[in-house]
Amino acid sequence: MINLDDKSLANFISDNEVCMVMFGATWCGPCKLLKPKVAELGLSNVAYADIQTCKSEAMSAGIMSVPTLVVYRGGKEVARAHRLTEEILSEVRS
């Protein structure tokens, strides 16, 4: 799974027709549990954005709690969840 910063986050979303970003934090216990599960998906269109290093992008995306998984299609948000769900997985794999 790719680790993003503020600059690379915007590029990652625009460079991928469909992608998922996991917003998390190093101090977040649930994030520590979810991150390896997301990484195990082995998808090239999935990335991790720490809210400490992606502050402005996280704020722009309206991230209010972590972990938050956001799926983008054509640069627009199409799904959001706080855990891996079938909806999220089907969106990111399509």
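Asker: So what's going on with the environment of Glu17? Which residues, and what values?
Answerer: The topology assignment puts Glu17 in the loop between α1 (6-15) and β2 (18-24). Residues Glu17 and Lys76, 59 residues apart in the sequence, show an inter-C-alpha distance of 9.6 Å. Beyond its immediate sequence surroundings of up to four residues, Glu17 is in contact with Tyr72, Arg73 and Gly74.

Asker: Pulling in residues and values, what's your account of the state of the cysteines?
Answerer: Per the counting criterion, the structure on display carries one disulfide. Residue Cys28 pairs covalently with Cys31 via a disulfide, S to S 2.5 Å. Disulfide Cys28-Cys31: the torsion about the S-S bond is 75°, which places it as right-handed. Of the two residues, Cys28 and Cys31, both sit in the buried class. Between Cys19, a free cysteine, and Cys54, which holds the nearest cysteine sulfur, the sulfur-to-sulfur gap is 13 Å. Given the relative accessible area of 0%, Cys19 is considered buried. Of all cysteine sulfurs in the structure, the one in Cys31 sits closest to Cys54, which takes part in no disulfide; the separation is 13 Å.

Rules used in this analysis
- Residues numbered from 1 in each chain as written.
- Predicted model: local features only at pLDDT ≥ 70, side-chain atom pairs only at ≥ 80, totals over all residues.
- Heavy atoms only, no water.
- Helix = DSSP H or I, 4+ residues; strand = E, 2+ residues; numbered from the N terminus.
- Contact = heavy atoms within 4.5 Å.
- Disulfide = S-S within 2.5 Å.
- Buried < 20%, exposed > 50% of the residue type's maximum accessible area, 1.4 Å probe, protein only.

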